[in-house]
Amino acid sequence: MTLPPLAFEPLLKHRAWGGRLLSSYGKELPDEGSIGESWEIADLPDSIPDGCSRVAEGPFEGRSLRDLLQTHRSELLGRAAPGADGGFPLLIKLLDARENLSVQLHPSAEYARAHPEAALKTEAWIVLAADPGAKVYVGLNDAVDAARFREAIETGAFLDILQTADVSPGDAIFLESGLCHALGEGILVAEVQTPSDTTFRTWDWNRNDPARPLHIEPACASVRLGADQRTAWPRITRSSEASTLTTDALRTRRLIRCDFFEIDQLDLPESGDPNATMDFEQPSGGIPLVVMCTGGSGTLESGGETLELFTGRSVLIPASCALSKIRLHVRDNEKPSLLRVRPTDVLDNSLA
C-alpha cells in the first residue's frame, strides 16, 4: 500500500516568551495570548499533554500519527530508525521568540540511561526571520568547569559564561543533547529535533516565575563542558558557507547532518527571472521525508493525492511514496524555498 503525503493540524503552545508572528506562517492563533511554538509533526508519549499530531485532511483525516504508525509502520517508516519509544523519529516545530528563551540544556546519554523518564534531545534551529542584531546563545566558555557552572545557576550570572553569536535568516544552529543554549529575542526558527520534551532550565532571564522552575541537579549532571562541547557538525552553519549543489532547476544547501537527521535548504539558483517557479521530483529513497515550505506557495503531488503548500506548512512524505512532484512559485514577493528533513536511515549505519 502507498500512503499519501500527510499534513497535520498544528499544535499551538502558549509560552511566556512567545509572540504573534506565527500568524504570518499559516497558523490561526487564538485572539489572545503569547504563542511560542507550533508543533507541526509530533509523536510524543501520552504523558506529554497535546503531544501527538492528527492528520488535517485527506483519506486519513483525524487519525493520529501514533495510530498510523501502529497500522502502517512499514509504509510510513520504511528503513528509517524509529524514535526511542518506537514512534516517529522526528519532532518538527516552529518557534516564535518575541522574548529570550530560557537558558537550558537536555539530558546527557548517561543521565538518560539512569533516568528512564528522561530522553535525549538533539535539535537544530533554522533561522527563518530575525530582527537586526538578533542573537543566539550556544555553548559555554571553554574555561567554565562544573563549579563555575553551578555558581552561574545559583547566582544568575549566566551571561558571563555563555557564548553568543549574531544570526541571520538561513543560518542553522546545531545543538547536541547536553549543550547549554538559548534562542534570543526577535527570532523565528524552524526546529528539528529528536522526539523528546525533556528540558533542564538553568536561567530564565530573572523572570522569577514559579511555574518555570530551574532544574539545577539534572542540569549539572548533564551539561557538556570544555572540550566535550565540540561536535562532529559545527554549532553554527551560515547559509552562505553551507555545502551547495546547484543544477539548472534547483539549489540545495546542506545545513546539518548528524546521527539523527539531515537538513537541506532547497531554493532556486540565482537568475534574472523574479517569478521563476521551483519544479522538481523528490524520490523518497525508502525512508520518510519532511518538507517545510519556507517561502512561496504551490503543491505537492504523491500517492494519488495533492496537498497545498504555503509558507509555514510541513508535510510528511511516507517512505512508500516512491516519487513526489513539488511545484512552488512566488507568493507575496516571497521566493519559493523549502526545508527538507531526512531521518536516520538504518542502512547508513549498517554500511558505516
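Only a predicted model underlies this, so the values are computations on that prediction, with no experimental measurement involved.

Asker: Could you clarify how one ought to interpret the sheet that holds strand E4 (residues 91-97) in this entry?
Answerer: Paired through backbone hydrogen bonds, the strands of a sheet run either parallel or antiparallel to each other. Spatial strand order, E2-E3-E4-E11-E6-E9-E13: seven strands in an open sheet with antiparallel pairing. In the strand order of this sheet, the two ends are held by strand E2 (11-19) and strand E13 (236-237), each with one partner. In this sheet, strand E11 (residues 187-193) lies alongside E4 in antiparallel orientation, the contact comprising seven bridges. Opposite Ala97, over in E11, you have Ile187 as the bridge partner.

Asker: When you look at the sheet that holds strand E14 (residues 243-246) in this model, what are you seeing that I'm missing?
Answerer: The sheet built from seven strands is open, its strands ordered E1-E21-E18-E23-E16-E15-E14 with antiparallel pairing. Two strands bound the open sheet, and with one partner strand each, they are strand E1 (6-7) and E14. As defined by bridge partners, strand E16 (residues 261-267) adjoins strand E23 (residues 337-343) across seven bridges and the pair is classed as antiparallel. Looking at the pairing, Asp267 lines up with Ser337 of E23.

Asker: Looking at this structure, how should I read the nonpolar core?
Answerer: Nonpolar side chains tend toward joint burial in soluble globular proteins. Counting residues in hydrophobic clusters, the biggest one holds 41 residues, and the most contacted among them are Phe88, Ile256, Phe261, Ile263 and Leu316. Leaving out residues up to four positions away in the same chain, Ile263 has contacts with Ala124, Ile126, Val192, Arg253, Arg254, Leu255, Ile256, Arg340 and Val341. Tyr137, Ile153, Phe158 and Phe200 belong to the second-largest nonpolar core, a separate cluster that totals 20 residues.

Asker: What's the story with the environment of Trp125 in this structure? I'm lost.
Answerer: Structurally, Trp125 is set in strand E6 (residues 123-130). Take Trp125: its relative accessible area is 2%, and that puts it in the buried class. Residues Trp125 and Arg257, 132 residues apart in the sequence, show an inter-C-alpha distance of 13 Å. Within polar-contact distance, the side chain of Trp125 engages the side chain of Glu191 at 2.8 Å.

Asker: Explanation requested: the pairing of E16 in the structure shown.
Answerer: Look at any regular strand and the pattern is simple: side chains alternate between the two faces of the sheet. Taken across its seven residues, E16 has seven buried, putting it largely inside the fold. Every second residue of E16 is oriented toward a common face, with Phe261, Ile263, Gln265 and Asp267 on one face and Glu262, Asp264 and Leu266 on the other, all of them buried. Between strand E15 (residues 251-257) and E16, which pair antiparallel in sequence order, lie three residues.

Asker: Explain unusual backbone geometry here, please?
Answerer: Residues apart from glycine generally show negative phi values, whereas peptide bonds are mostly found in trans. Positive phi is not limited to glycine here, since Asp332 has a value of about 50°. If you trace the backbone, Asp332 turns up in the loop between strand E22 (323-329) and E23. Looking at Asp332, the relative accessible area reads 65%, which means it is exposed. Positive phi outside glycine occurs at Asn333, with the angle close to 65°. As for its position among the elements, Asn333 is in the loop between E22 and E23. For Asn333, a relative accessible area of 77% puts it in the exposed group.

Cut-offs used in this document
- Residues numbered from 1 in each chain as written.
- Predicted model: local features only at pLDDT ≥ 70, side-chain atom pairs only at ≥ 80, totals over all residues.
- Heavy atoms only, no water.
- Pairing = 2+ DSSP bridges.
- Helix = DSSP H or I, 4+ residues; strand = E, 2+ residues; numbered from the N terminus.
- Core = buried A, V, L, I, M, F, W, Y, C linked by side-chain atoms within 4.5 Å.
- Buried < 20%, exposed > 50% of the residue type's maximum accessible area, 1.4 Å probe, protein only.
- Contact = heavy atoms within 4.5 Å.
- Polar contact = N/O pair within 3.5 Å; in protein donor to acceptor, adjacent residues only side chain to side chain.

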